[in-house]
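The primary structure of each chain is shown beneath.
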Amino acid sequence: MALVGKFGDNLEFTRTFHSATPAAPTTVPQRLASWADSAIGIGWNTSLQSRLEFRLDPADGLEDPVFLREDGRGIHFEQFPLGVYRAADGRHTTLALATAGDRCGGVAGTAYSLRETNDTIYCFGSDGRLLRRQNLNGKGLTFSYAVDGRLACVRNDSGQALRFVPSTATTAALVGEI
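Residues numbered from 1 in each chain as written. Predicted model: local features only at pLDDT ≥ 70, side-chain atom pairs only at ≥ 80, totals over all residues. Heavy atoms only, no water.

1. Let's talk about the nonpolar core
Buried together is how nonpolar side chains tend to be arranged in soluble globular proteins. Judged by nonpolar contacts, the single largest core of 20 residues is most densely connected at Leu48, Phe67, Phe77 and Phe124. Put simply, the parts of the chain that give this core at least two residues each are strand 7 (74-80), strand 8 (84-87), strand 10 (110-115), strand 11 (121-125), strand 13 (140-145) and strand 14 (151-156). Core analysis: the next-biggest nonpolar cluster, separate from the first, contains five residues, Cys104, Ile121, Cys123 and Leu131 among them. (Core = buried A, V, L, I, M, F, W, Y, C linked by side-chain atoms within 4.5 Å. Buried < 20%, exposed > 50% of the residue type's maximum accessible area, 1.4 Å probe, protein only. Helix = DSSP H or I, 4+ residues; strand = E, 2+ residues; numbered from the N terminus.)

In structure tokens, the structure reads:
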């Protein structure tokens, strides 16, 4: 499903399935986005599912961030003083505490700013939820969530929106309608 925006801010919903995804993680580092509260079921990831998680590193006792990408892969970061993070695998993806001067500074509630090598910028809240994903020109998608924490709406800068409706009262985490 895709809606073409005026500013290169296309709304696109795609899904990916990981058939090797077990029902539950055996260790924290093995946990990928597929295991988490996927909106469409265990093993599934969507193009709108990025988030930031914090995992305790037993070696230093710090909670290191992990960027869980739309495709289910994770990029682990090591924490350094003053809110500086470095990708553990040497990637040039950068993560930092958001400041008023960065591209996420104007997004309400932003705590972390992540920039990928393709200049895609992700703005995350302190709870790790994705608030905004934008290109280098500042055009992109804004994410909003229901009171229960599930993704409720994604809107592009052209004004188009995808709204997510839960399937039933007993499976409120699963999307029933887009």
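2. Focus: a nonpolar patch on the surface
Together, Phe80, Leu82 and Val84 give the surface a local cluster of nonpolar side chains, amounting to about 320 Å² of exposed area. The residue Phe80 is located in strand 7 in this model. (Patch = residues over 30% accessible without salt bridge, like charges linked within 9 Å, V, L, I, M, F, W, Y side chains within 5 Å. Areas by Shrake-Rupley, 256 points an atom, 1.4 Å probe, with all protein chains shown as cover. Salt bridge = Lys/Arg side-chain N within 4 Å of Asp/Glu carboxyl O.)

3. Quick word on the state of the cysteines
For the coordinates displayed, the defined rule picks out one disulfide. Between Cys104 and Cys123 runs a disulfide, and the two sulfur atoms are separated by 1.9 Å. Sign of the S-S torsion, about -80° for the bond between Cys104 and Cys123, identifies this disulfide as left-handed. Of this pair, Cys104 sits in the loop between strand 9 (94-97) and strand 10 while Cys123 sits in strand 11; the two residues are 19 residues apart in sequence, bridging distant segments of the chain. Each member of the pair, Cys104 together with Cys123, is buried. (Disulfide = S-S within 2.5 Å.)

4. Description of the pairing of strand 10
Of all the six residues making up strand 10, five are buried; the element is thus mostly covered by neighbouring parts of the structure. Relative to strand 10, strand 9 runs antiparallel, the two being bridged by four bridges. Residue pairing in the sheet places Thr94 in a bridge with Arg115 of strand 10. Strand direction decides the pairing type here: strand 10 and strand 11, joined by five bridges, are antiparallel. Across the sheet, residue Leu114 finds its bridge partner in strand 11, namely Tyr122. In this antiparallel pair of consecutive strands, strand 10 and strand 11, the connection spans five residues, and Asp119 shows a positive phi of 70°. (Pairing = 2+ DSSP bridges.)

5. Topic: the pattern of salt bridges
Opposite charge on two side chains permits them to pair, given that their charged atoms come into close proximity. If you walk through the whole model with that rule in mind, you get nine salt bridges. Measuring nitrogen to oxygen at the nearest pair gives 2.8 Å for the salt bridge that ties Arg69 to Glu116. One end of the pair, Arg69, is in the loop between strand 6 (63-68) and strand 7; the other, Glu116, is in the loop between strand 10 and strand 11, with 47 residues separating them in the sequence. Given a relative accessible area of 10%, Glu116 falls into the buried group. The partner of Glu78 in a salt bridge is Arg86, with the nearest N and O atoms 2.6 Å apart. Under the relative-accessibility criterion, Glu78 is labelled partly exposed at 30%. Each member of the salt-bridge network shares a partner with another, and the members are Arg51, Glu53 and Arg55.

6. Re the packing of aromatic side chains
Applying the stated rule across the entire model yields five aromatic pairs. Ring plane angle 45° and centroid distance 5.3 Å describe the contact between Phe54 and Tyr112, whose orientation is recorded as tilted. Of the two residues, Phe54 is situated in strand 5 (residues 51-56) and Tyr112 in strand 10; the sequence distance between them amounts to 58 residues. Taking the centre distance of 5.9 Å and the plane angle of 70° together, the rings of Phe67 and Phe124 count as edge-to-face. (Phe/Tyr/Trp six-rings, centres within 6.5 Å; stacked < 30°, edge-to-face > 60°.)

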